[in-house]
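Now for the letters of each chain:
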Amino acid sequence: MSTLKERLRADLTVAMKSRDELRTSTLRLALAAVKDAEVAGSSARVLDDPEVSKVLTREVKKRREAADAYAAAGRGDQADRERAEGEVLEEYLPKQLGDDELATIIDQVLAGLDVSGPRAIGPAMKSVQAAVGGRADGGRVAALVKARLAGG
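- If you look the protein chain up in an unreviewed UniProt entry, it shows as GatB/Yqey from Frankia casuarinae.

1. Section: the pattern of salt bridges
Link 1 in the chain: This structure, assessed with the given rule, holds 13 salt bridges.
Link 2 in the chain: Between R45 and E51 there is a salt bridge; the shortest N-O distance is 2.9 Å.
Link 3 in the chain: Residue E59 pairs with K62 through a salt bridge whose shortest N-O separation is 3.2 Å. With E59 and K62 both in helix α3 (residues 49–72) and 3 residues apart, this pair spans about one turn of that helix.
Link 4 in the chain: Given a relative accessible area of 8%, E59 falls into the buried group.
Link 5 in the chain: Take K62: its relative accessible area is 45%, and that puts it in the partly exposed class.
Link 6 in the chain: Put simply, E21, E59, K62, R63, R81, E82 and E85 are held in one network by salt bridges that share partners.

2. Quick notes on the side chain of R63
Link 1 in the chain: Within the secondary structure layout, R63 lies in helix α3.
Link 2 in the chain: A distance of 2.9 Å separates polar atoms of two side chains, one belonging to R63 and the other to E59.
Link 3 in the chain: Reaching out from R63, the side chain makes a polar contact with the side chain of E85 at a distance of 2.8 Å.
Link 4 in the chain: If we ignore the near neighbours within four places in the chain, the residues touching R63 are L29, E82, E85, G86 and L89.

3. Concerning the domain arrangement of the protein chain
Link 1 in the chain: Looking at the assigned domains, one finds that the protein chain contains domain 1 (3–91) and domain 2 (99–151).
Link 2 in the chain: Inter-centroid distance (C-alpha atoms) of domain 1 to domain 2 is 28 Å.

4. A word on the packing of helix α1 (residues 4–17) against α3
Link 1 in the chain: The N-to-C vectors of α1 and α3 enclose an angle of 55 degrees; their axes lie 8 Å apart at closest approach. By the angle between their directions, the pair α1 and α3 is classed as oblique. On α3, the residues that touch L4, K5 and L8 of α1 are D49, V52, S53 and L56.
Link 2 in the chain: The class makeup of the residues in the contact of α1 with α3 is 4 nonpolar, 1 polar and 2 charged.

Thresholds applied
Residue numbers run consecutively from 1 along every chain, following the written order of its sequence. Where local features are concerned, this predicted model is filtered to residues with pLDDT of at least 70; where side-chain atom pairs are given and counted, the filter is 80 or more; whole-chain, interface and lining totals use all residues. No hydrogens and no water enter the side-chain calculation; it runs on all heavy atoms of the structure. Just to be clear on terms, a salt bridge is a Lys or Arg side-chain nitrogen sitting within 4 Å of an Asp or Glu carboxyl oxygen. Runs of E in the DSSP output that reach at least two residues are strands. Runs of H or I that reach at least four are helices, and both are numbered from the N terminus. Throughout this description, buried means an accessible area under 20% of the type-specific maximum (1.4 Å probe, protein chains only), exposed means over 50%, and partly exposed covers the range between. Counting of polar contacts relies on pairs of N or O atoms within 3.5 Å, with two restrictions inside protein: one atom must be capable of donating a hydrogen and the other of accepting it, and residues adjacent in sequence are counted only when both atoms are side-chain atoms. Two residues form a contact once any of their heavy atoms are found within 4.5 Å. Where each domain begins and ends is defined by an automated method or by a domain database. Axes, fitted as lines to C-alpha atoms, cover a helix only where it is in contact. Angles between the N-to-C directions of the axes lie from 0 to 180 degrees. If an angle is under 35 degrees, it is roughly parallel; if it is over 145, roughly antiparallel; if it lies from 65 to 115, roughly perpendicular; otherwise it is oblique. Amino acid classes used here: Ala, Val, Leu, Ile, Met, Phe, Trp, Tyr, Cys and Pro are nonpolar; Asp, Glu, Lys and Arg are charged; the rest, including Gly, are polar.

The structure is reproduced here in structure tokens:
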């Protein structure tokens, strides 16, 4: 059975053999983040694929934020490096939903819930996030849900 973590390890070996420094260092950092998540808490455990995806999503978000910070500080070379690392990690995540697909999913979920107004954001977000399944950034989802609830 091929898990996401095993795929990361296999790709790391390939990157090391091909002397791809960017990919090697990025995959090492990603595997270290996965290992940290596995040993966090009261007892060590092995993460399943959805949990590994969450860790990778968090790492991509860190890279994006770091790239923005470096760019704002005038360090374009470091910002480019962070963006490149983020792109490497995104290869291991599910394909992100387009705006139209995301809007359709949100509309279907909200129609099924029959909710409206700002007080419904919490339950609506919970249901929408479950339907989206990590295929869209949480900020994007929240903005669209808030807009739909405010307009409905």
